[in-house]
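Given next are the chains, with one letter for each unit.
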Amino acid sequence: MSQQVPVILRVLSASLTLASRAGQLIKDVVKSGTSLDIIDKVEADRESEQLIISSLSKHFPHLQIRGEENIQIHTTNNTTFEELVNVNKDVLQTKCPNEFKNLEEKDIVVWVDPLDGTREFTEGRLEGVTVLIGIATQGNPVAGVIHQPYFNSGEGRNVWGMINSGVHGLNKNQQPLLGRIIAGSLSHRSKTVMEAVKICEPTEVIQIGGCGCKVLLVLDGKAHAYIHASKGCSLWDTCAPDAILRAAGGRLTDVFGKDISYDLNDNTSVQTGVLATMNDHDWYTQRIREKLQNQL
Ligand SMILES: Nc1ncnc2c1ncn2[C@@H]1O[C@H](COP(=O)(O)O)[C@@H](OP(=O)(O)O)[C@H]1O
Ligand SMILES: [Mg+2]
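Residues numbered from 1 in each chain as written. Chains lettered and ligands numbered in written order. Predicted model: local features only at pLDDT ≥ 70, side-chain atom pairs only at ≥ 80, totals over all residues. Heavy atoms only, no water.

As annotated in an unreviewed UniProt entry, the protein chain carries the name 3'(2'),5'-bisphosphate nucleotidase 1 and comes from Didymodactylos carnosus. Quoted verbatim from the Cofactor (unreviewed entry) field of UniProt, the annotation for the protein chain is "Mg(2+)". (UniProt positions renumbered as here; feature names shortened; annotations may be inferred.)

### Structural notes on the pairing of strand E11 (residues 274-277)
Burial of the side chains of E11 extends over both faces: Val 274 and Ala 276 are buried on one face and Leu 275 and Thr 277 on the other. Two strands pair when backbone bridges link them, and strand E9 (residues 225-228) and E11 are joined in this way by 4 bridges, in the antiparallel orientation. Residue pairing across strands places Tyr 226 opposite Ala 276, the latter belonging to E11. Across 3 bridges, strand E10 (residues 251-253) lies against E11 in antiparallel orientation. Its bridge partner being in E11, Leu 252 is matched across the sheet by Ala 276. (Buried < 20%, exposed > 50% of the residue type's maximum accessible area, 1.4 Å probe, protein only. Helix = DSSP H or I, 4+ residues; strand = E, 2+ residues; numbered from the N terminus. Pairing = 2+ DSSP bridges.)

### Overview of the UniProt feature "binding site: Mg(2+)" (unreviewed entry) in the protein chain
As recorded in UniProt, the feature "binding site: Mg(2+)" (unreviewed entry) lies at Glu 68, Asp 113, Leu 115, Asp 116 and Asp 237. The named residues occupy 170 residues along the chain; their greatest pairwise C-alpha distance, 9.5 Å, places them in one compact cluster. Here, the largest pocket is lined by Glu 68, Asp 113, Leu 115, Asp 116 and Asp 237 out of the annotated residues. Looking at where Asp 113 falls in the secondary structure, it is placed in strand E2 (residues 108-116). A polar atom in the side chain of Asp 113 sits 3.2 Å from the backbone nitrogen of Leu 115. Note that Leu 115 resides in strand E2. (1 Å grid on protein atoms, 1.4 Å probe; cavity = no way out; pocket = protein on both sides within 12 Å on 5 of 7 lines; lining within 4 Å. Polar contact = N/O pair within 3.5 Å; in protein donor to acceptor, adjacent residues only side chain to side chain.)

### Here's the deal with the site of ligand 1
By nearness alone, 18 residues border ligand 1, and Thr 118, Ser 185, His 188, Gly 210 and Lys 214 come closest of all. Between ligand 1 and Gly 117, the relevant distance is 2.8 Å, taken from an oxygen atom to a main-chain nitrogen or oxygen of the residue. At a separation of 3.3 Å, a nitrogen atom of ligand 1 approaches a polar side-chain atom of Ser 230. Compared with its free state, where it exposes 540 Å², ligand 1 has 79% of that area covered by protein. In this structure, ligand 1 is accommodated by the largest pocket. At the level of elements, E2 and helix H9 (211-219) are the ones that each hand at least two residues to the shell around ligand 1. (Near = heavy atom within 4 Å. Areas by Shrake-Rupley, 256 points an atom, 1.4 Å probe, with all protein chains shown as cover. Sits in = over half its atoms within 2 Å of the grid points.)

### Overview of the coordination of the magnesium ion (ligand 2)
Around the magnesium ion (ligand 2), the protein contributes the donor atoms Asp 113 (OD), Asp 116 (OD) and Asp 237 (OD), which lie 1.9 to 2.2 Å from the metal centre. Of note, the donors binding the magnesium ion (ligand 2) are all from one chain and are spaced D-x2-D-x120-D. On the criterion of sequence distance, the pair formed by Asp 113 in strand E2 and Asp 237 in helix H10 (residues 235-247) is long-range, its members being 124 residues apart. Taking the relative accessible area as the measure of exposure, Asp 237 reaches 9% and is therefore buried. (Donors = N, O, S within 2.8 Å, 3.2 Å for Na, K, Ca; no water.)

Here it is as structure tokens:
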């Protein structure tokens, strides 16, 4: 059945399976380690990336895939197509937007962050850890998965979405969000990073690690914005969050409001920072532009 399903849905379905499996693998590394030291981090990162990229490239050989670790992939992957793709019936049965129906594997770039929230992982703040798989075409993010393995005391969840189709797996705040709550980095706090948050006059700042985790706060309606005025994030950090936010009606751009391009590129750094919101995006970009135009 699935061979008639558009490629993009099959890749998205496989990404869901793989993100969950990578999350389990990260949990296994945590359980087997005596302490959350840097060795565990390297092992978890590499195993997670190995799993995701070897499976995707086995079943979709013409996809263009780029992972954070950029490691050599061994092609000893035994996962069958059935185990990888056909298990997510809800994804395969999703109505594919017309503009993506005829995409071929070669038209698709997949950006993989096998373990986002490194510092959170090594320091035991495990809710901040996510696995990010973003799907782009012609430089634009179109679909993605954020897997949060330690959501709800280790139950885990998959948040996924596709532009013009919708978003699944959110844990929406039922209360109206008062004030202006801004999520910002915990471990990368330069003067400019702090300044950009302050310029936007927050009533509360949530300092927490991981790009995926902070975008989840925005998607869940627990923060109004995520602001990171630094060149530290990379295309594998932002692609999946960008696609899912857009699918939910929000926006992710650089801090000046410019869209990020996800073409396969040697320069993988998002030089001019990240701004993610569900509403009032231009209000934030205008403020930041006025004060920080020349500082990034
Ligand atoms: N100034 C900086 N230097 C290096 N990496 C940065 C950075 N700012 C952000 N990042 C990267 O962006 C992601 C989110 O950062 P933060 O946790 O500070 O919000 C992290 O991804 P990883 O955890 O996958 O390495 C981190 O490496
Ligand atoms: Mg990352």
